[in-house]
Each structure stands twice: as C-alpha cells, then as structure tokens.
Protein chains: 2
Amino acid sequence: MQFKKQSITTAKEKEFDPESFASMCKALGHPARVMIVNYLNRIDRCLCGDIVDLLPLAQSTVSQHLKCLKEAGLVKGEVEGPKTCYCLDKRMLKKFTRMVADLGLSPHGEKQ
Amino acid sequence: MQFKKQSITTAKEKEFDPESFASMCKALGHPARVMIVNYLNRIDRCLCGDIVDLLPLAQSTVSQHLKCLKEAGLVKGEVEGPKTCYCLDKRMLKKFTRMVADLGLSPHGEKQ
DNA sequence: TCTCTCAATCGTACATCTACGATAAACGAT
DNA sequence: ATCGTTTATCGTAGATGTACGATTGAGAGA
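Parameters and conventions
Here, residues in each chain are numbered from 1, in the same order as that chain's written sequence. Whichever chain is written first is A, and whichever ligand is written first is 1; the rest continue in order. Only residues with pLDDT of at least 70 get local features here, since the model is predicted, and only at 80 or more are side-chain atom pairs given and counted; chain-wide, interface and lining totals rely on the full set of residues. As a rule here, side-chain values cover all heavy atoms of the structure and leave hydrogens and water aside. Each helix is a run of DSSP H or I of at least 4 residues and each strand a run of E of at least 2, with the numbering of both proceeding from the N terminus. The cut-offs for exposure are 20% and 50% of the maximum accessible area for each residue type, with area from a 1.4 Å probe on protein chains only; residues under the lower value are buried, those over the upper are exposed, and the others partly exposed. We call two residues in contact whenever any of their non-hydrogen atoms come within 4.5 Å of each other. Computed with the Shrake-Rupley method and a 1.4 Å probe, the accessible areas treat only the protein chains shown as cover for residues. Classification of ring pairs rests on two measures: the distance between centres of Phe, Tyr or Trp rings, Trp counted by its six-membered ring, which must be within 6.5 Å, and the angle between planes, read as stacked under 30 degrees, edge-to-face over 60 and tilted in between. Pairs of N or O atoms are called polar contacts if they sit within 3.5 Å, as long as, within protein, a hydrogen donor faces a hydrogen acceptor (for residues adjacent in sequence, only side-chain-to-side-chain pairs). The predictor attaches a confidence to each residue, called pLDDT, with possible values from 0 through 100. By convention in this document, the label disulfide applies to cysteine sulfur atom pairs within 2.5 Å. For two strands to count as paired, DSSP must find a minimum of two bridges between them. Note on method: axes are straight lines fitted to C-alpha atoms, helices fitted across the in-contact stretch only, with angles between N-to-C directions ranging 0 to 180 degrees.

Participant: I'd love a proper account of the overall build of chain A, names of residues and values included.
Facilitator: Of the regular secondary structure elements, chain A holds five helices and three strands. Listed N to C, the secondary structure of chain A is α-α-β-α-α-β-β-α in terms of helices and strands. The burial tally for chain A puts 48% of its 112 residues in the buried class. Contacts in chain A between residues far apart in sequence, at least 24 positions, make up 52% of those at least 6 positions apart. Roughly 6,100 Å² of accessible area belongs to chain A as shown, and the carbon and sulfur atoms make up 49% of that amount.

Structure, rendered in structure tokens:
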C-alpha cells in the first residue's frame, strides 16, 4: 500500500511522519521486544546471551527480535570479539516519545 | 509463546505490563491506523466513510483497520442508524503515554 | 591448530496480517 | 415494501511474522 508522502500536520507544526512512527510502533508490537527494551533501559547494556536467559525463547528467536529492534533504530549493537553488546539508542527513543506527543496523545501536550 | 505474568518493574513502581503495551503498539504499527488516530485526534469524531475518503484503501480494508483499533481499545465506535461514529478513547491513549513513560522512554521521566 | 563460546543466519512450518471484491445487515427515505 | 446509503463481515490470495533446530562464522584460549 502507498500513502502520500506529505505531512498530515499543518505547516507550522513539527513534521509528523506516520510511516516512521508506525514502524517504531511495529517494532514495539511484540511482548518479547518490549521486554528487551525495558530490560536494556534498566540494565543499560548487555550481551545477547543475557536476553536469551531473560526470555523463554530460543537463541535464534532472540537474535531475530534484536535484529528487528536494530532495524527500527531503537537498539544498537556493537560487536566485541565473539560477543555483541546491545544498548538502547536514546536519540531514537526520544524521537519516539516526541512523536507520541505530536500524535496528540501526550498528557503534557497543549491539547489538555 | 508464553511470558511470565509478573511485572518486570520493581515493586514500588507502577505496574507495567509488556503484553498490553505491545498490543497497543501493534495496533499503531501500521501507517493507515496511525493516520486514522491522528485524524480522529484533529477532527474529534467522524464516520467510517470519512476515513475511507482520507485513505487510498477499500472500504472493507478501512473497516478492518478500525476493528483492529477498537479491539486494542484505542478507538470507540457508536452506531447511529446505518452509520457508525468513531472517536478516540482518550482514557486508553493516556494509558498508552503513561506506559511509554513507564518504559523509561519519556523525556519528562526521572531518568533524564 | 583445535576447540569452545557466542551470536548471526539459514531453512522451514505455521500463524497472522493486509488487501480486495462480494455480500449481508441495518436503517432512512421514498 | 422497495431502494439507496453506510458499514460490517466473509472468503481468499499473497506477504509478513514468529518460532524452532541446524549450521556458520568470528574470535578467544589451550
């Protein structure tokens, strides 16, 4: 499906892109991935194996979920020898919360 | 897949349920549904047909997306004769933003 | 070098999502 | 009663998501 690329907000408002907001939401649209993000937020950084221990899922499945989060830009992974260290991309997460506010859903927004 | 039902936050924090946060994110994980929510936020309430005009999608597809948003609790629809009037469920949307904050992603949170 | 560990990728099965046209159901108007 | 309007649901095809075990590859250490 194709949507028009133009913004759906008025000119003087911040740009709000439904496509990119949807893709971040989609990445957070599975409990395992939400738990990974929540865990990373508390623990700051960890190895893939730590997450495998955390969740009742096979290593390959966890790796797949991490790939999904990386592709959405929510998580970064840096290879350290045979290990990979994962952490949140704070910049992207700030963008996410800003978009939640732009959607008009923020309890702090000017709409209330 | 089954996850343990216990909260993943510490005891004195608010309850954070990954399952229900994920299900709301999933509902917002498609550009068409994001556009519907954004539209409803601006227009307050409208008929299904208005959304069909807004999006480049068949009526049946739009109806399906609305059903998805209703099942996630983000949108309410009340039948008015042969028409159905849709609007946002503000209570649920507030819950959503609260959960974003609980996830630790809020720019207003105590983590920053 | 050989082996061990850690993580990514492959292959695959099954489920869910997304889109459409066709049809049905509810109601107002003629 | 019949017709037109509006929306939901059905059936379906194709794409995508989710899970697993098996395999591969990269690097550390003996």
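Participant: Summarise the packing of aromatic side chains; cite the residues concerned and give the values.
Facilitator: Residues and elements named next belong to chain A. Taken as a whole and assessed by the stated rule, the structure comprises four aromatic pairs over all chains. Ring centres 5.7 Å apart and planes at 15 degrees place the aromatic pair phenylalanine 21 and phenylalanine 96 in the stacked group. Separated by 75 residues along the polypeptide, phenylalanine 21 in helix α1 (residues 18-27) and phenylalanine 96 in helix α5 (residues 90-102) bring together distant segments of the chain. Overall, the relative accessible area of 0% leaves phenylalanine 21 in the buried class. Among the residues examined, phenylalanine 96 registers a relative accessible area of 0% and is labelled buried. By way of ring pairs, the aromatic residues Phe16, Phe21 and Phe96 are connected into one cluster.

Participant: Would you mind going over α1(A) in detail, with residue names and values included?
Facilitator: Taking burial as the measure, the 10 residues of α1(A) include seven buried ones, the bulk of the element. Within the sequence span of α1(A), burial applies to A:Pro18, A:Ser20, A:Phe21, A:Ala22, A:Met24, A:Cys25 and A:Ala27. Of the surrounding elements, those touching the buried residues of α1(A) are α2 (31-43), α4 (59-71) and α5 of chain A together with α1 (18-27) and α2 (31-43) of chain B. At the N-terminal end of α1(A), a side-chain oxygen is found 3.1 Å from the backbone nitrogen of A:Glu19, two or three residues along, and the residue is A:Asp17.

Participant: Quick rundown of the confidence of the model for chain A? Include the residues and the values.
Facilitator: Per-residue pLDDT for chain A averages 86, and the proportion of residues at 70 or more is 79%. Ignoring residues within four places in sequence, the model shows residues 107-112 of chain A, a span with pLDDT below 50, making six contacts including any to other chains.

Participant: Could you give an account of the state of the cysteines, naming the residues involved and the relevant values?
Facilitator: Using the criterion set out here, one finds zero disulfides over all chains in the structure. Lacking any disulfide linkage, A:Cys87 is separated from the closest cysteine sulfur, that of A:Cys85, by 6.4 Å.

Participant: Before we move on, could you go through the sheet that holds strand β2 (residues 75-80) of chain A and cite the residues and values that matter?
Facilitator: Residue and element names in this part refer to chain A. Taken together, three strands build an open sheet; the order of strands is β1-β3-β2 and the sheet is antiparallel. Of all strands in the sheet, those with a lone pairing partner are β1 (45-47) and β2, marking the two edges. Adjacent strand axes in the sheet meet at a mean angle of 25 degrees when their direction is disregarded. With six bridges joining them, β2 and strand β3 (residues 83-88) adopt antiparallel strand pairing. Across the sheet, the residue bridging to valine 79 is threonine 84, located in β3.

Participant: Now, about the environment of A:Gly49: what can you tell me, with residues and values included?
Facilitator: Residue and element names in this part refer to chain A. Assignment of secondary structure puts glycine 49 in helix α3 (residues 48-54). What makes glycine 49 partly exposed here is its relative accessible area of 35%. In the structure, glycine 49 is positioned 35 residues away from threonine 84 in sequence and 9.0 Å away in space, judged by C-alpha atoms.

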